[in-house]
Amino acid sequence: MAYSISSGIERTLICPPTINNKFKEIIYYDFHIKFHGAQNLPKMDLIGTADPYFRAQIDDGQIEFISSCTVNTLNPIWNEEWIVRNVPSTGKLFVTVYDKDDDTIYDDYIGNFQIDLQPIENEFITIYGPGNIKRGVFELTIISIPRSSDTLHLRPYMFDGPVRFSRHSSLTAGRLTKINDERLYSTWEIYLKRIDIYFDKHKKQKYNSSYQAAKSIFEGPMSHAVQSVIKQAHRVLYAKHTTNEFGLLNSNKDLWNLLIDTNTYNIKPCVYTYIIEDYTWRFSETGASFFVDFVSKHALHANCSQTVYYAGEFHPRPIGGWNQYDPNEAFDWNQWELVIDNGSGTYAPDLKLLNKLKDLLTFNFPHLNIITYDFKDPKLKSSIEACRDFAKSPKSKSTKTIKYLIRSPVLH
């Protein structure tokens, strides 16, 4: 396929749609979609009102957006935004609204609507439920974004912001493991811009067939049972709840804020397990006892996907190292660096792509200090040991003055 620039806000894609080599011209657009809110939603439960959220898709799930959940209202205000580039002129937006129910597996369906992707401003779209019954209205703005030279090469249905996160806190209570554990476990999910530019979606990292733990998940007669347990755990850890935290990440400072220990208001000294898949960067603390009970933490985050864009571990580190760090000094964001590696036995990601990961994170979080290590590098081992040693020391309990910290913008 070859791209050519057209006038105004359009992009022209020349592609051979049939075997007779005749070419057809398709017009592509970039869109900035603003989901303002909804009004007059119905009550779905006998007690209370509703806890609505929505899922938006373009062209049968080519790309998806999941909103935050607003609590106890029939007139939710979301004010959330979605930038998608290179959408065909025939593109359609499909939105489904739900009432979140924390006590059940499935949420109550309120209704949906479908519209053509064309510019509109603060338009109220009718939401239709079962039997074509009207169930309120949804306020929406769709803006066509002018072309720019740095976006002409992007692939179809490219997510381009804003970068946002969700934090899921799950009370395991030993339901999925033999661990008698009543603590909350947190997982983070960050929606990153332009992942496809840095990683080829046709060349994802497949599971490592020479790694026994990976083979037990994806191969053999017991693999289905193993995957069922892991997928159940994934649903628990990444389930949407009314208590989930959502927010925007506008800078590297906002990213560092996610790693703050709310007890000390310092960057928490710990190691995180991560995967990059589709549009998201998912991670959790590596050492949490809940995750230790699973054959693969990376497969858990990936929901047993056979392929991922990348995987490994990362940890925060003061520039100069944990050994030189004084937690009582004034906080300076620029004195921190993210140490990230390719340490995943399950997916064995290609070392050559580690710099691509660095470029991706730098693009999404400009001025973020990033250090990359191969998982076999002795310097990585020393850095992780220093991080964990500091976590065990009395210094890690020092409390930072809260004025040095600015919490990330939260959507609810």
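Residue positions are counted from 1 within each chain, in the order its sequence is given. pLDDT decides what is reported in this predicted model: residues at 70 or higher carry local features, side-chain atom pairs at 80 or more are listed and counted, and totals for whole chains, interfaces and linings draw on all residues regardless. Hydrogens and water are ignored here; the side-chain numbers use all heavy atoms of the structure.

K.L.:
Could you give me a rundown of the overall build of the chain, with the residues and numbers involved?
P.N.:
Note on conventions: DSSP H or I runs of at least 4 residues are helices, E runs of at least 2 residues are strands, and numbering of each starts at the N terminus. Along its length, the chain carries eight helices and 23 strands. Whether a residue is buried, partly exposed or exposed follows from its accessible area with a 1.4 Å probe, protein chains only, as a fraction of its type maximum: under 20%, in between, or over 50%, in that order. Of all 412 residues assigned to the chain, the portion counted as buried reaches 51%. Pairs at least 24 residues apart make up 70% of the contacts formed inside the chain by residues separated by at least 6 positions. Each accessible area is a Shrake-Rupley estimate made with a 1.4 Å probe; only the visible protein chains count as cover when residues are assessed. For the chain, the computed accessible surface area is about 19,800 Å², with 50% contributed by carbon and sulfur atoms. In this description, contact between two residues means that some pair of their heavy atoms is separated by no more than 4.5 Å.

K.L.:
Talk me through the pattern of salt bridges; I want residue IDs and the actual numbers.
P.N.:
By definition, a salt bridge exists where a carboxyl oxygen of Asp or Glu is found within 4 Å of a side-chain nitrogen of Lys or Arg. Per the stated rule, a full pass over the model turns up twelve salt bridges. For E277, the salt bridge goes to R282, with nearest N and O atoms at 3.2 Å. A single burial state applies to E277 and to R282, both of which are buried.

K.L.:
I'd like to hear about the pairing of strand β18 (residues 272–277), residue by residue, with values.
P.N.:
Successive side chains on a regular strand alternate, one facing one side of the sheet and the next facing the other. Within β18, six of the six residues are buried, which leaves it mostly tucked inside the rest of the structure. Both faces of β18 are covered, namely the face carrying Y272, Y274 and I276 and the face carrying T273, I275 and E277. Direction of pairing for β18 relative to strand β19 (residues 280–285): antiparallel, over a ladder of six bridges. Within the sheet, the bridge partner assigned to I276 lies in β19 and is W281. Following β18, the chain reverses through two residues before pairing antiparallel with β19; D278 in that reversal takes a positive phi of roughly 55 degrees. Only when DSSP finds a minimum of two bridges between them are two strands counted as paired.

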